[in-house]
Amino acid sequence: MFRTRAAVLGKKKHNFITRLIQWTFDGLYNTVCQVIPDQKWARKVAPLCITLFFFIVAQYWLGLLPIVGPITIGEHHTPLFRGGVADLNMTFGLAIVTIVAAQIYAFKYLGFKGNLGRYFVNPLRDPIMSFVGILELVAEFSRMLGLSFRLFGNVLAGEILLAIIAYMTKFLSPVALQPFYFFELFIGGIQAYIFFMLSTVFISLGLAHHDSHEPIDEVHSSVETNKLATSDSD
Amino acid sequence: MEKILTQFANSGASEKAGLFDSLGIDWALLAFQTVAFLILLFVLRKFVYPPMMEMLVKREKDLKAADAAAKSAKENADKAEEMTAEIMRKARAQASDIVASAREEATEVVEEAAKKATAKSEALIKEAHNTIAQEIENAKKDLHNSTLELVAEATGKVLGEKIDAKKDTKLISEALEEAE
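Residues numbered from 1 in each chain as written. Chains lettered and ligands numbered in written order. Predicted model: local features only at pLDDT ≥ 70, side-chain atom pairs only at ≥ 80, totals over all residues. Heavy atoms only, no water.

Visitor: Mind showing me how you'd approach a nonpolar patch on the surface here?
Guide: Judged by side-chain polarity, Leu62, Leu65, Ile67, Ile71, Ile73, Leu80 and Phe81 of chain A come together as a nonpolar surface patch covering roughly 600 Å² of accessible area. With respect to the helices and strands, Phe81 of chain A occurs in the loop between β2 (78–79) and α4 (88–110). (Patch = residues over 30% accessible without salt bridge, like charges linked within 9 Å, V, L, I, M, F, W, Y side chains within 5 Å. Areas by Shrake-Rupley, 256 points an atom, 1.4 Å probe, with all protein chains shown as cover. Salt bridge = Lys/Arg side-chain N within 4 Å of Asp/Glu carboxyl O. Helix = DSSP H or I, 4+ residues; strand = E, 2+ residues; numbered from the N terminus.)

Visitor: In this structure, what is going on with the side chain of Gln33 of chain B? I would like to understand it.
Guide: Structurally, the position occupied by Gln33 of chain B is in helix α3 (residues 27–159). Leaving out residues up to four positions away in the same chain, Gln33 of chain B has contacts with Asp87, Asn89 and Met90 of chain A. (Contact = heavy atoms within 4.5 Å.)

Visitor: Hey, could you run me through the packing of aromatic side chains in this one?
Guide: Centre-to-centre distance and the angle between the planes together describe a pair of aromatic rings. All names here are of chain A. Tallied over the full model, the rule gives 10 aromatic pairs over all chains. Taking 5.6 Å as the distance between ring centres and 80° as the angle between the ring planes, the aromatic pair formed by Phe53 and Phe54 counts as edge-to-face. Phe54 gets classed as buried once you look at its relative accessible area, which sits at 13%. Look at Phe53 and Phe196: their rings are 6.4 Å apart centre to centre, the planes differ by 75°, and that puts the pair in the edge-to-face class. Of this pair, Phe53 sits in helix α3 (residues 39–62) while Phe196 sits in helix α8 (residues 178–205), and the two are 143 residues apart along the sequence. Here the guanidinium or amino end of Lys44 rests over the ring plane of Trp41, the centre of that ring lying 4.4 Å away. (Phe/Tyr/Trp six-rings, centres within 6.5 Å; stacked < 30°, edge-to-face > 60°. Buried < 20%, exposed > 50% of the residue type's maximum accessible area, 1.4 Å probe, protein only. Lys NZ or Arg CZ within 6 Å of the ring centre and 35° of its normal.)

Visitor: It is not clear to me how the interface of chain B and chain A should be interpreted in this structure. Could you clarify?
Guide: Size of an interface: often given as the accessible area lost when the parts come together. Taken together, the contact between chain B and chain A spans 34 residues of the former and 40 residues of the latter. Interface area for chain B against chain A, summed over the two sides, is near 3300 Å², with a carbon-plus-sulfur share of 76%. The partner of Asp26 of chain A in a salt bridge is Arg59 of chain B, with the nearest N and O atoms 2.2 Å apart. The element that contributes the greatest number of residues to the side of chain B that touches chain A is α3 of chain B, accounting for 23 residues. Classifying every residue of the side of chain B that touches chain A by side-chain character gives 25 nonpolar, four polar and five charged. (Buried area = accessible area lost by both parts, 1.4 Å probe. Nonpolar A, V, L, I, M, F, W, Y, C, P; charged D, E, K, R; others polar.)

Okay, here's the thing in structure tokens:
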């Protein structure tokens, strides 16, 4: 990342890696700007989401290195190196950071009362929205769990897949594992992008006005966004 | 790997363990890893992302400027095309006018030349007629004189006397008087 920064500043020449990182950064930044139409807030939110992507993809790919995992120490065979996102603590921590950041941004954007108004509505005034608000509050926790367990589950499944293929193919494993390594590289990118996209959408939910007088198109788009957010548990 | 594969089984076996312990959540490790991520986020946000974002913003501005320049150039090109079309239209009109006037002038020149040629030919014919008439007149005179000479010569031969000019004149005069 620092090498890319130096290349962007013109202190060093670009190479394939810096161009790839810059291209990825460009794409991710544009995605954030599309999800969050307010460019001022998009600039604020983008660093967190983009860091999540690069962090997860790096951790995922580093976990595929042969030295990560099999080399153990101690009586309990504790791995010397572990892929960061192969640990539920890490993915759970990332999910907590995302949801807490979403709340902080929502408080800044909507104000204290405005953000609480998303969850707590006077039941005498609007009983249906009051119930929906409670569901929203529950959804915030379910999103946190969904984010962390999805990523952890995929990494765990990938490691188990590689271990099973290596066990089944024995001495042929160096050859037999190659397609699965490529598959895992691909899955790592996909999972990082999913985490990035969902984080962006969750944060954008707190940056949208929940007004009863909003135009039909905006209502439709916010419903679509909510659908995307609720389908994250797939 | 063994720990990962067995952590759920081990934690599930412990009935006293809580939900998070069962899932393998270690709050201290979680906090440590979260802080590590936040430090990374801080460093990247402070030192790496600003120039990259500036570059993107600058590129977007450049693209907009280039787009505006392209639109302006296209408008200028359209204007130039319209001007060219207008100039071409005027030039064609002028050319057709010039051709038309040239044709008129050419027709006039041809007509004038034809008139001059006609007049010249008529003058030539008239002159030829005069010349012919003059020559006929001269020929008549010559014939008359020759006839007179022949008549005089024949008369001289008949009379046996050479008639000279004086006598000839006298005889003619007498003949004329008699004829009167």
